[in-house]
Amino acid sequence: MVKHCLVLSFRMAHDLRTLAEDFRQKNKSCFILGVSGETGKELLKEIVERKLFSKITVIGRRQLTFEEAYENLVQEVVDFEKLDDYAAAFQGHDVGYCCLGTTKAKAGADGFIRVDHDYVLKSAELAKAGGCSHFNLESSKGADKTSGFLYLKVKGQVEADIEPLGFERYSIYRPAVLMVDRQESRPAEWFARKVLGPISSMFPTAMSIPIQSVTRAMVANTLIPPGEKVEILENKAIYDLGKAPEK
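Definitions and limits used
Residues numbered from 1 in each chain as written. Predicted model: local features only at pLDDT ≥ 70, side-chain atom pairs only at ≥ 80, totals over all residues. Heavy atoms only, no water. Phe/Tyr/Trp six-rings, centres within 6.5 Å; stacked < 30°, edge-to-face > 60°. Helix = DSSP H or I, 4+ residues; strand = E, 2+ residues; numbered from the N terminus. Buried < 20%, exposed > 50% of the residue type's maximum accessible area, 1.4 Å probe, protein only. Pairing = 2+ DSSP bridges. Axes fitted to C-alpha atoms, helices over the stretch in contact; angles between N-to-C directions. Core = buried A, V, L, I, M, F, W, Y, C linked by side-chain atoms within 4.5 Å. Contact = heavy atoms within 4.5 Å.

As recorded by an unreviewed UniProt entry, the chain carries the name Protein HTATIP2 and is attributed to Hucho hucho.

Here it is in structure tokens:
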């Protein structure tokens, strides 16, 4: 996998407001996978507030109810076990965001692999066939297909398996433990919130990152012209890009 080392000083120098204005003129559409999860939920909010896309499609296993009405939002309900039957949901999008994922504790080992690898890969395949040019994948710090740890191995494997699909741009985000109050229990994140919470909002750490930093980075990176076809943003790069001012 090609690793793109981001030159953040160059990227931060961009006027994000101008880039956003230019982006809006292109009348692009996007889809988001995993909006029922915390990252996807926050990402949708960020995208809607920025008014970057003429159409936003949320793809998920059930119809979602939002606290407020979102403009230009379409929901597509699919059966992830039969995704080929729902190829139309993935057609006609310029940008795709995948925040799909579960845990071994919640779904079991087989269920985790099915969601975090099989569903994600099949979604990427359908997105590419449907015309998506920029695919954004939320992965994890330490993702490595050779890892002996199942979580990191699966994350690394799906990263690698998506690359040959040949998206014009493929952005991988590897955040550390997410600082977020989840509805579901994730012990590592609970520990990070309690121990690292007081300093995580002020300083990037090797162990955690505020979820808002991740979603802001994903949106900002979408606006910035690409360097390489495949780019990997590690935790520090995500944090720095996520705090870039919109001048």
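(A) Structural view of the packing of aromatic side chains. Enumeration over the complete set of coordinates arrives at nine aromatic pairs. Here phenylalanine 80 and tyrosine 119 contribute two aromatic rings whose centre-to-centre distance is 5.2 Å and whose plane-to-plane angle is 20 degrees, an arrangement assigned as stacked. Here phenylalanine 80, found in the loop between strand E3 (73-77) and strand E4 (95-98), pairs with tyrosine 119, found in helix H4 (residues 104-129); they are 39 residues apart in sequence, far enough to count as distant. Note on accessibility: phenylalanine 80 and tyrosine 119 belong to one class, buried. On the basis of an interplanar angle of 45 degrees and a centroid distance of 6.4 Å, the ring pair of phenylalanine 135 and tyrosine 170 is categorised as tilted. Of this pair, phenylalanine 135 sits in strand E5 (residues 134-138) while tyrosine 170 sits in strand E6 (residues 169-174), placing them 35 residues apart in sequence. For tyrosine 170, a relative accessible area of 2% puts it in the buried group. By way of ring pairs, the aromatic residues Phe23, Phe53 and Tyr97 are connected into one cluster.

(B) Seen up close, the sheet that holds E4. As summarised here, the arrangement of the seven strands in space is E3-E2-E1-E4-E5-E6-E9, forming an open sheet in which the pairing is parallel. Bordering the open sheet on either side are E3 and strand E9 (230-234), each of which pairs with just one other strand. Strand-to-strand, the axes of this sheet are offset by a mean angle of 15 degrees, without reference to chain direction.

(C) Up close: the nonpolar core. Residues Ile32, Leu43, Leu44, Ile47, Phe53, Ile56 and Tyr97 are the most contacted members of the largest nonpolar core, which totals 37 residues. Secondary structure elements with two or more residues in this core: helix H2 (16-24), strand E1 (29-33), helix H3 (38-50), strand E2 (55-60), E4, helix H7 (211-223) and helix H8 (235-242). Counting residues per element, this core draws most heavily on H7, which supplies seven residues. When neighbours within four sequence positions are excluded, isoleucine 32 is seen to be in contact with Leu43, Leu44, Ile47, Ile56, Thr57, Val58, Ile59 and Tyr97.

(D) Highlighting the environment of glycine 242. Summarising the element assignment, glycine 242 is placed in helix H8. For glycine 242 and arginine 216, which are 26 residues apart along the polypeptide, the C-alpha to C-alpha distance reads 4.8 Å. Residue contacts for glycine 242: discarding those within four places in its chain leaves Ser213, Arg216 and Ala217.

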